[in-house]
Amino acid sequence: MYPYLETPWGRLELYEVMQIVGAVVAVLVQMILLYRKAGPKRCILFSTLFAVYSLLGIYAGSLIRQTSYGKLQGGNLLDSVMAGEGRHYLGTVLVSTLLCLPFTWILSRILRIRRQEQEQCQRAVLNSLAAGLLVQHIFVRLGCFFRGCCYGKYYRGPGAIRMPGGEVPYPIFPSQLLEAAISAVLLVLLLILIAKGYDVFGMMVAGYAVNIIVTECFMDQKGSGMIWGITIIQWWAVGLLLLGAGYLIWQKPWRRRRRSGAS
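An account of the accompanying structure is given in this report. (Residues numbered from 1 in each chain as written. Predicted model: local features only at pLDDT ≥ 70, side-chain atom pairs only at ≥ 80, totals over all residues. Heavy atoms only, no water.)

A short note on the overall build of the protein
On a plain count of helices and strands, the protein comes out with eight helices and four strands. Secondary structure of the protein in N-to-C order comes out as β-β-α-α-α-α-α-α-α-β-β-α. Looking at the protein as a whole, 46% of its 263 residues qualify as buried. Across the protein, contacts joining residues at least 24 apart in sequence account for 71% of those joining residues at least 6 apart. Accessible surface for the protein amounts to roughly 13,300 Å². Of this, 66% is attributable to carbon and sulfur atoms. (Helix = DSSP H or I, 4+ residues; strand = E, 2+ residues; numbered from the N terminus. Buried < 20%, exposed > 50% of the residue type's maximum accessible area, 1.4 Å probe, protein only. Contact = heavy atoms within 4.5 Å. Areas by Shrake-Rupley, 256 points an atom, 1.4 Å probe, with all protein chains shown as cover.)

See below:
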């Protein structure tokens, strides 16, 4: 759509700019949510875990994209994944979901957080991470919109868009904007629940997975691998949904925790 941003320092790719800005804003949101529960030094250290998840998520996201579209570097899956090409943000959410608990526990031990404070700190970290992941996802999908990738199917109804100079000459469904909008609504809902004292990480994971499953139906799926009529990316999202369900069962988010002093 509008892939470049002209600046006094040269031309910048808007997709990369949105990714960087999204990561910075996501970390700031996490630090704000963590500040009251973890203190200034701890909130900085726990927020840096997001950088670790994002870095590892590049390779996980590349694996998801390569297995979905088969665009391999030299026909080798490992080389293609390590090159970090064609990544999907689902990889960052997946890595964060799998590693957030062990990484939080390890950092808590390093910081020598007292046992009676660890549960409160853990829930504060998970809540802040849930918000941060959604914030960056919104920016990533807006970046996709500006670059003109991950575009929707042929569509002539209300809200249809065209891609000037893009890959397709016909009107398409604004799937990137729909996905960003759903994440924005989910983010607002979770922030309200965090303020009321609920645990929301499981809700975020499950909600993000459902968002991917639904919006993939509106995306152009040329070249996408399918199993039983379902795209491989959607199958990855189904796996993430199961992880989110596990967190929901473990966290029991319908129980408000404010009275115990937790986030």
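Next comes the rest of the write-up.
Comments concerning the environment of Cys43
Along the chain, the position of Cys43 falls in helix α1 (residues 14-47). We classify Cys43 as buried; its relative accessible area is 3%. As a C-alpha pair, Cys43 and Leu33 span 10 residues in sequence and 8.5 Å in three-dimensional space. Excluding its chain neighbours within four sequence positions, the residues that come into contact with Cys43 are Met31, Leu34, Tyr35 and Ala38.

Some thoughts on a nonpolar patch on the surface
On the surface, a nonpolar cluster with roughly 290 Å² of combined accessible area is contributed by Ile20, Val24 and Leu28. Residue position: Val24 is located in helix α1. (Patch = residues over 30% accessible without salt bridge, like charges linked within 9 Å, V, L, I, M, F, W, Y side chains within 5 Å. Salt bridge = Lys/Arg side-chain N within 4 Å of Asp/Glu carboxyl O.)

Details of the nonpolar core
Ranked by size, the top nonpolar core spans 49 residues in total, and within it Phe46, Leu90, Phe201, Met204, Tyr208 and Leu240 carry the most contacts. Ranked by residues supplied to this core, first place goes to helix α5 (residues 115-147) with 13 residues. Setting aside residues up to four positions removed in sequence, Leu240 forms contacts with Leu90, Val93, Leu94, Thr97, Val205, Tyr208 and Ala209. Ranked by size, the runner-up nonpolar core spans six residues in total, among them Phe145, Tyr151, Ile161 and Val168. (Core = buried A, V, L, I, M, F, W, Y, C linked by side-chain atoms within 4.5 Å.)

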